[in-house]
Amino acid sequence: MPSFVPTSADTLEDQRLYTRARLVEVACLDCLARVGVKKNSEHHTSIQWNAAALGECQVFARMDGEPGGRQVHASCPRLAASIEAAVREGRLSIGAQDGY
């Protein structure tokens, strides 16, 4: 099955803006896993996990051992609290800038 592979500079820049622009690194205050976070609104948070962070997260490690494994939509409450702390401390702003 063919897939879309961006080749134009404009498309690659759009891809970068949608997936990585304004990501702020936030470390979990519990396990120290580091993820990229962007808050477009009070209720919309984008989190970019990487393999290292997934390996460090104790909550996800427990979920992987359960029948059916980790659900993609499941979140880590410890990381959520860390993100809220980053917002309160001014390290993470809320709201899209220039549409991103």
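Please refer to the structure placed before this passage.
Residues numbered from 1 in each chain as written. Predicted model: local features only at pLDDT ≥ 70, side-chain atom pairs only at ≥ 80, totals over all residues. Heavy atoms only, no water.

Novice: It is not clear to me how the pattern of salt bridges should be interpreted in this structure. Could you clarify?
Specialist: A side chain with one charge can pair with a side chain of the opposite charge if their charged atoms come near. This model, assessed by the stated rule, comprises three salt bridges. With a closest N to O distance of 2.8 Å, Arg91 and Glu89 form a salt bridge. Arg91 gets classed as partly exposed once you look at its relative accessible area, which sits at 43%. Residue classification places Glu89 among the exposed positions, given a relative accessible area of 55%. (Salt bridge = Lys/Arg side-chain N within 4 Å of Asp/Glu carboxyl O. Buried < 20%, exposed > 50% of the residue type's maximum accessible area, 1.4 Å probe, protein only.)

Novice: Is there a simple way to think about helix 4 (residues 77–88) in this case?
Specialist: Since there are 3.6 residues in each turn of an α-helix, residues three or four apart along the chain are aligned in direction. Its twelve residues give helix 4 an end-to-end C-alpha distance of 17 Å, which sits within 8% of 16 Å, the value for a rise of 1.5 Å per residue. Listed in full, the buried residues belonging to helix 4 are Leu79, Ser82, Ile83, Ala85 and Ala86. Seen from one end, helix 4 has its buried residues packed into an arc of 160°, which puts them on one side. Every exposed residue of helix 4 that faces more than 90 degrees away from the buried side is listed here: Pro77 and Arg88. (Helix = DSSP H or I, 4+ residues; strand = E, 2+ residues; numbered from the N terminus. Expected span 1.5 Å × (residues − 1). Arc of directions from axis to C-beta.)

Novice: Can you walk me through the nonpolar core in this structure?
Specialist: One recurring pattern in soluble globular proteins is that nonpolar side chains are buried together. Counting residues in each nonpolar core, the largest one holds 16 residues, and the members touching the most others are Val37, Cys57, Val59, Phe60, Cys76, Leu79 and Ile83. Secondary structure elements with two or more residues in this core: strand 2 (34–39), helix 3 (58–64) and helix 4. Residues contacting Val59, with those up to four places away along its chain left out, are Cys76, Pro77 and Arg78. (Core = buried A, V, L, I, M, F, W, Y, C linked by side-chain atoms within 4.5 Å. Contact = heavy atoms within 4.5 Å.)

Honestly, it's all geometry; don't read function into it.
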